[in-house]
2 protein chains.
Amino acid sequence: MRHYLGIDLGGTNIAAGVLDESYRIVSSAVRKTACPRPAQAIMDDMVAAAREAAEKAGIQLEELEYIGVGCPGSVNPENGFIQFSNNLAFYDVPMGEYLADRLGRPVLVENDANAAAYGEFLAGAASGEEIRNFIAITLGTGVGGGVILGGKIYGGSNHAGGELGHMVIQAGGRPCTCGRKGCWEAYASATGLIETTRESMRANPDSQLWKLADGDLSKVNGRTAFDGMRAGDDAAAQVVHAYIEALAAGLTNIINIFQPDLVSLAGGISKEGDALLVPLREIVDKEDYARFGSQRTRIAIAQLGNDAGVIGAALLGVKKG
Amino acid sequence: MRHYLGIDLGGTNIAAGVLDESYRIVSSAVRKTACPRPAQAIMDDMVAAAREAAEKAGIQLEELEYIGVGCPGSVNPENGFIQFSNNLAFYDVPMGEYLADRLGRPVLVENDANAAAYGEFLAGAASGEEIRNFIAITLGTGVGGGVILGGKIYGGSNHAGGELGHMVIQAGGRPCTCGRKGCWEAYASATGLIETTRESMRANPDSQLWKLADGDLSKVNGRTAFDGMRAGDDAAAQVVHAYIEALAAGLTNIINIFQPDLVSLAGGISKEGDALLVPLREIVDKEDYARFGSQRTRIAIAQLGNDAGVIGAALLGVKKG
């Protein structure tokens, strides 16, 4: 029986997992990233996690055709170098070679968001045979994007493409961590939603949002506004409405640019499900440039949750169909 | 000696041209599109223009491997159908088959903006061997986009992708012809620039812009604000500044999404050259997400002018490198 092994290197955890032939995780192992640490120390723990996952699955590393890795930052999949990773303070790290030397197998390295998108593409929301062009959006601390075109990860000429969150939708608007003003991420991320919720609370001292946050602005999270809306609070409903409008603006932009088969939404906010999807689709249906065409982009919630990174990394050497 | 024949079907003219082996136009022929007309009448004139161009070049159609066509609207290059063309009032027209029957050669059909981009890719601003990912922007009545990824035209799953002009950069802003508000096209097209110029004139009755437009708002064109700026007029300089900021916002979005090797700018406004490029690059340099990387997207003026459509159509069957 064939197996796959993937390692998802995150800012908090190193997660390794073994998949079976049906792309399900059969074993996993975790180490703390504990950054900042020297790249070598982190990579040695990646090796340890990979060995542990393989052992738990009862397989030998030699059985594997390759091992896949997802890493944050600007990753060159051709030579396995991490050119730059802000989160990990990596600069020109030859990760592919280092791991291949120690694990004795070829190692494929990709940007972590791209790897997670590839996981959804092969084993999650976009696994249908007919899907060839697919965009994965993650609504988290930021807005992450993974772009699969013609069945392949698209990373741009310098492997830094797909920064969909850093698309300005409100020129001159809210400052973004990237230095621009009015980026999609500044509105459509959980961070952006929390900021909009707080703005509304300051302007509406009688809103139930205060009760939901225990009277404390620092306790607002990505669910507060949705919970307030469900409790019948007007200010909360307006926050959710503004959030979904901003989300739809960027999403329609992406559809008009790529006209993919499917866009998936992941991250904490995507758990709102239909409370998010129904009004979102309504706006996109009115604004998609191809709305009069017979074939339209579908919008769905991602299926693999936090496992997308490990699964996608493990499947980096697999092609669909 | 090998030749290529391309037909560029526009709202005003049908242009056919024969290229030699070095991708230069050696003969051409034009007919009026004179739409609205039945698709068959227009296609018969496309046949006539193609035959005339071939005759002028002294070649037989039989010498050609194929004939290429660029057509506005939603075009399916796989079966040669024009699914829908707003400009020409075409709906489900089997253009490829019709022309192939009459010309006796295989016919390749593409969206006209994609074909023009492919012309710049093979024979113009992006013809360098090293360029594989390329975005062509045309600043005209609208903002058109052509997307070449990995050396191939990218049209999306429904052949309606690449609508880069219909990316909102100012949510809730200026109404766009597409039904959205705040599209890039509403600011960065010649039409958008003219509207901004008129807004400024209404607000600044003493501006020299009035003199440049003969005191007549209807005489404002895409050059008026640039001319006013060169004449030292403050209001005009502000219009140009706002125009370039909006252009840069959308362009940086596109760079952050695609990180291509090159973006080219075509259309009347692109003739401003450095007056446009220098401040544009300055903004992009500050906002490109990959600005700290070693490999950056270049921005250049397109080289083929109005011939891009015919040249690109003629070369639809050619691969780079």
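Residues numbered from 1 in each chain as written. Chains lettered and ligands numbered in written order. Predicted model: local features only at pLDDT ≥ 70, side-chain atom pairs only at ≥ 80, totals over all residues. Heavy atoms only, no water.

> Would you take a moment to explain the nonpolar core for this structure?
Within soluble globular proteins, side chains that are nonpolar tend to cluster in buried spots. Counting 80 residues, the largest nonpolar core has I137, W184 and F258 of chain A together with I137, W184 and F258 of chain B as the members making the most contacts within it. When near neighbours in sequence (up to four residues on either side) are disregarded, W184 of chain A contacts I137, V143, L164, G165, M167, I169, S189, A246, L247, G250, L251 and I254 of chain A. (Core = buried A, V, L, I, M, F, W, Y, C linked by side-chain atoms within 4.5 Å. Buried < 20%, exposed > 50% of the residue type's maximum accessible area, 1.4 Å probe, protein only. Contact = heavy atoms within 4.5 Å.)

> I'm lost on helix 3 (residues 112–123) of chain B in this one. Help?
Along an α-helix, a turn takes 3.6 residues, which lines up residues three or four apart on a common side. All names here are of chain B. Taking 1.5 Å as the rise per residue, helix 3 with 12 residues should run 16 Å; its terminal C-alpha atoms sit 16 Å apart, in good agreement. Where burial is concerned, most of helix 3 is hidden: nine out of the 12 residues are buried. In this structure, the buried side of helix 3 is in contact with strand 4 (67–71), strand 8 (107–111), strand 9 (134–139), strand 10 (143–149), strand 11 (152–153) and helix 10 (308–314). Sitting at the amino-terminal end of helix 3 is N111, which places a side-chain oxygen 2.8 Å from the backbone nitrogen of A113. (Helix = DSSP H or I, 4+ residues; strand = E, 2+ residues; numbered from the N terminus. Expected span 1.5 Å × (residues − 1). Polar contact = N/O pair within 3.5 Å; in protein donor to acceptor, adjacent residues only side chain to side chain.)

> Any chance you could explain the sheet that holds strand 6 (residues 81–85) of chain B here in plain terms?
Pairing between the strands of a sheet comes from backbone hydrogen bonds, and it takes one of two forms, parallel or antiparallel. All names here are of chain B. The strand order 5-6-7 describes an open sheet built from three strands, whose pairing is antiparallel. At either end of the open sheet lies a strand with only one pairing partner, and these are strand 5 (74–76) and strand 7 (90–93). Here the strands of the sheet are splayed against their neighbours by 15° on average, with no regard to which way each runs. Alignment of strand 6 against strand 7, held across three bridges, turns out to be antiparallel. The partner of I82 across the bridge, within strand 7, is V93. (Pairing = 2+ DSSP bridges. Axes fitted to C-alpha atoms, helices over the stretch in contact; angles between N-to-C directions.)

> Help me out: how do you make sense of the environment of R180 of chain B in this one?
By the secondary structure assignment, R180 of chain B is in the loop between strand 11 and helix 4 (184–188). Of the residues examined, R180 of chain B reaches a relative accessible area of 1% and is grouped as buried. Separated by 12 residues in sequence, R180 of chain B and V168 of chain B have C-alpha atoms that sit 7.6 Å apart. Residues in contact with R180 of chain B, not counting those within four places in the same chain, are A248, A249, T252, N253, N256 and E287 of chain A together with H166, M167, V168, R174 and P175 of chain B.

> When you look at the interface of chain B and chain A in this model, what are you seeing that I'm missing?
Each partner contributes residues to the interface: chain B has 34 residues there, and chain A has 34 residues. Summed over both partners, the interface of chain B with chain A buries about 3200 Å², with 49% contributed by carbon and sulfur atoms. When the buried area of chain B at its contact with chain A is split by residue, S157, R180 and I257 of chain B rank highest and sum to 20% of it. Across the chain B-chain A interface, the total number found is two salt bridges. Among the ionic pairs, R180 of chain B bridges to E287 of chain A, the shortest N-O distance being 2.8 Å. Across the contact surface, chain B and chain A share 34 residue pairs in polar contact (both at pLDDT 80 or more). A total of seven residues in the side of chain B that touches chain A trace back to one element, the largest contributor, which is helix 8 (residues 234–258) of chain B. For the side of chain B that touches chain A, the per-class residue count stands at 16 nonpolar, 13 polar and five charged. (Buried area = accessible area lost by both parts, 1.4 Å probe. Salt bridge = Lys/Arg side-chain N within 4 Å of Asp/Glu carboxyl O. Nonpolar A, V, L, I, M, F, W, Y, C, P; charged D, E, K, R; others polar.)

> What is the right way to read the relation of the copies chain B and chain A from this model?
What connects the two chain copies is a rotation about an axis and a shift along it. With an RMSD of 0.0 Å, the fit of chain B onto chain A corresponds to turning through 180° and sliding 0.0 Å along the axis. A rotation of that kind, with that shift, is consistent with a two-fold axis. (Least-squares fit on C-alpha atoms with pLDDT ≥ 70 in both.)

> Which parts of the structure should I look at to understand the pairing of strand 8 of chain B?
Moving residue by residue along a regular strand, the side chains alternate between the two faces of the sheet. Residue and element names in this part refer to chain B. With four of five residues buried, strand 8 lies mostly within the body of the structure. The pairing of strand 4 with strand 8 spans five bridges and is classified as parallel. Counted as the bridge partner of I67 is V107 from strand 8.

> What is the right way to look at the pattern of salt bridges in this model?
Residues and elements named next belong to chain B. Applying the stated criterion to the full structure yields 24 salt bridges over all chains. Residue E52 pairs with R31 through a salt bridge whose shortest N-O separation is 2.7 Å. Pair noted here: E52 is in helix 1 (residues 39–57) and R31 is in strand 3 (residues 25–32), with a separation of 21 residues, a long-range link. Judged by its relative accessible area of 24%, E52 falls in the partly exposed class. Residue D45 pairs with R37 through a salt bridge whose shortest N-O separation is 2.9 Å.

> Looking at this model, I keep getting lost on the packing of aromatic side chains. Mind explaining?
Aromatic ring pairs are described here by two measures, namely the spacing of the ring centres and the angle between the planes. Inspection of every chain in the model, using the stated rule, returns 13 aromatic pairs over all chains. Ring geometry for Y4 of chain B versus Y23 of chain B: centroids 5.8 Å apart, planes at 75°, classification edge-to-face. You can see Y4 of chain B sitting in strand 1 (residues 4–9) and its partner Y23 of chain B sitting in the loop between strand 2 (13–19) and strand 3, a full 19 residues away along the chain. Assessed through its relative accessible area of 7%, Y4 of chain B is described here as buried. Residue classification places Y23 of chain B among the partly exposed residues on the basis of a relative accessible area of 21%. Joined through ring pairs, the aromatic side chains of Y154 and F258 of chain A together with Y154 and F258 of chain B make up one cluster. Sitting over the ring of Y98 of chain A, R102 of chain A keeps its end group 3.6 Å from the ring centre. (Phe/Tyr/Trp six-rings, centres within 6.5 Å; stacked < 30°, edge-to-face > 60°. Lys NZ or Arg CZ within 6 Å of the ring centre and 35° of its normal.)

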